[in-house]
Amino acid sequence: GAGVSQSPSNKVTEKGKDVELRCDPISGHTALYWYRQSLGQGLEFLIYFQGNSAPDKSGLPSDRFSAERTGGSVSTLTIQRTQQEDSAVYLCASSLDRGLSYNEQFFGPGTRLTVL
Amino acid sequence: QQQVKQSPQSLIVQKGGISIINCAYENTAFDYFPWYQQFPGKGPALLIAIRPDVSEKKEGRFTISFNKSAKQFSLHIMDSQPGDSATYFCAASTQNSGYSTLTFGKGTMLLVSP
């Protein structure tokens, strides 16, 4: 079956503009995660969605970042008034979250965001 | 505060050699330790994982060694091949309000020379 897909694959924007990044999780996966991967910094957790529950937004770095998940499937990460330090690869992952600590997360290929 | 420390940052190994990547963690609540492999332009993919009730897990050429008392775990790649050249991330997980989150190390860029 299809894996996690993300679009666009690359996004170049000017400082101060808003951007939207999209994630299509694996069909049937109830959990969805967003991570940010900066050069030499590993993967930084941003936000987590599980079904219809309120999302865990504890990893969002500022109020310029927001995300939503419509119908328990597709998710959009929005960054408002982008800054140069927002440049990174944004990764989405999904999993069958059964409330266990060992649910494999399947990652998409990421969106490379460059803020000029 | 970095909860999972990974070393080395980069590693060059000759074909056929053993690649060793080390990680240390601080949070004793972690109960699942996966390793992810990432090729350029791709997302990370689960390689192998271990739970703290065992000290070693082997899958093919890949082995995780786990030392609970030292709060350390490592990835060994035996007979390293050029196709193993990738970035490797260790991670740790625990349940948080009924779901799991992953805390990642900063990654190790492995280059296996032919």
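Residues numbered from 1 in each chain as written. Chains lettered and ligands numbered in written order. Predicted model: local features only at pLDDT ≥ 70, side-chain atom pairs only at ≥ 80, totals over all residues. Heavy atoms only, no water.

Asker: Before we go on, may I ask you to explain the overall build of chain B in this structure?
Answerer: A count of helices and strands for chain B gives zero helices and 11 strands. Going from the N terminus to the C terminus, chain B shows its helices and strands as β-β-β-β-β-β-β-β-β-β-β. Radius of gyration (C-alpha) of chain B: 14 Å, near the 13 Å computed for a compact globule of 114 residues. Its C-alpha atoms give chain B principal-axis dimensions of about 45 × 30 × 25 Å. The buried share among the 114 residues of chain B stands at 46%. (Helix = DSSP H or I, 4+ residues; strand = E, 2+ residues; numbered from the N terminus. Rg over C-alpha atoms; globule rule 2.2 N^0.38 Å. Buried < 20%, exposed > 50% of the residue type's maximum accessible area, 1.4 Å probe, protein only.)

Asker: Please clarify how the overall build of chain A should be interpreted in this entry.
Answerer: Along chain A, the regular secondary structure elements total zero helices and 10 strands. The C-alpha radius of gyration of chain A comes to 14 Å, within 12% of the 13 Å expected for a compact globule of 116 residues. Along the first, second and third principal axes, the C-alpha atoms of chain A reach 40 × 30 × 30 Å. In chain A, buried positions account for 48% of the 116 residues. Partitioning the contacts of chain A with sequence separation of at least 6, the portion at a separation of at least 24 is 55%. Approximately 5,500 Å² of chain A is accessible, and the part contributed by carbon and sulfur atoms is 46%. In chain A, 11 positive and 12 negative side-chain charges are present, and the distance between their average locations comes to 3 Å. (Contact = heavy atoms within 4.5 Å. Areas by Shrake-Rupley, 256 points an atom, 1.4 Å probe, with all protein chains shown as cover. Lys, Arg positive; Asp, Glu negative; His and termini not counted. Charge placed at Lys NZ, Arg CZ, Asp CG, Glu CD.)

Asker: Before we go on, may I ask you to explain the sheet that holds strand β7 (residues 62–67) of chain B in this structure?
Answerer: Residue and element names in this part refer to chain B. The five strands lie next to each other as β1-β3-β8-β7-β6, forming an open sheet whose pairing is antiparallel. Across the chains shown, the open sheet's two edge strands, defined by having one partner strand only, are β1 (4–7) and β6 (56–59). In this sheet, adjacent strand axes meet at a mean angle of 15° when their direction is disregarded. As paired elements, β7 and strand β8 (residues 72–77) share six bridges and run antiparallel to each other. For Phe66, the partnering residue across the bridge sits in β8 and is Phe73. (Pairing = 2+ DSSP bridges. Axes fitted to C-alpha atoms, helices over the stretch in contact; angles between N-to-C directions.)

Asker: In this structure, what is going on with the state of the cysteines? I would like to understand it.
Answerer: By definition, a disulfide links the sulfur atoms of two cysteine residues through a covalent bond. All names here are of chain A. Within this structure, the stated rule accounts for two disulfides over all chains. One disulfide bridge connects Cys23 with Cys92, the sulfur atoms lying 1.9 Å from each other. With the S-S bond torsion at -65°, the cross-link from Cys23 to Cys92 turns out left-handed. Of this pair, Cys23 sits in strand β3 (residues 19–24) while Cys92 sits in strand β8 (residues 88–95); the two residues are 69 residues apart in sequence, bridging distant segments of the chain. The same class applies to Cys23 and to Cys92, which are both buried. (Disulfide = S-S within 2.5 Å.)

Asker: So what exactly am I meant to see when it comes to the interface of chain A and chain B here?
Answerer: Taken together, the 21 residues of chain A in the interface contact 22 residues of chain B. In total, about 1,800 Å² of surface goes out of reach between chain A and chain B, with carbon and sulfur atoms giving 53% of it. At the boundary of chain A and chain B, one finds two residue pairs in polar contact (both at pLDDT 80 or more). Among the secondary structure elements, those contributing two or more residues to the side of chain A that touches chain B are β4 (31–37) and β5 (43–50) of chain A. Per-element accounting of the side of chain A that touches chain B gives the leading share, three residues, to β4 of chain A. A breakdown of the residues in the side of chain A that touches chain B according to their chemical character gives nine nonpolar, nine polar and three charged. (Buried area = accessible area lost by both parts, 1.4 Å probe. Polar contact = N/O pair within 3.5 Å; in protein donor to acceptor, adjacent residues only side chain to side chain. Nonpolar A, V, L, I, M, F, W, Y, C, P; charged D, E, K, R; others polar.)

Asker: Sorry, what's going on with the pairing of β4 of chain A here?
Answerer: Taken residue by residue, a regular strand's side chains alternate between the two faces of the sheet. Residues and elements named next belong to chain A. A large share of β4 lies buried, amounting to seven of its seven residues. On β4, burial covers both faces: Ala31, Tyr33, Tyr35 and Gln37 on one face and Leu32, Trp34 and Arg36 on the other are all buried. Bridge count for β4 against β5 is seven bridges, and the pairing is antiparallel. Within the sheet, the bridge partner assigned to Trp34 lies in β5 and is Ile47. Linking two consecutive strands that pair antiparallel, namely β4 and β5, is a turn of five residues; a positive phi of about 75° is found at Gly40 within it. Here β4 pairs with β8 via seven bridges, running antiparallel. Each residue of the ladder has a partner; that of Leu32, found in β8, is Ser94.

Asker: Where do I start with the pattern of salt bridges in this structure?
Answerer: Close approach of charged atoms lets side chains of opposite charge pair. All names here are of chain A. Scanning the entire structure with this criterion turns up six salt bridges over all chains. A salt bridge links Glu14 to Lys17, with the nearest nitrogen and oxygen atoms 3.7 Å apart. Classification of Glu14 by relative accessible area gives partly exposed; the value is 49%. Relative accessible area serves as the criterion here: at 44%, Lys17 is assigned to the partly exposed category. (Salt bridge = Lys/Arg side-chain N within 4 Å of Asp/Glu carboxyl O.)

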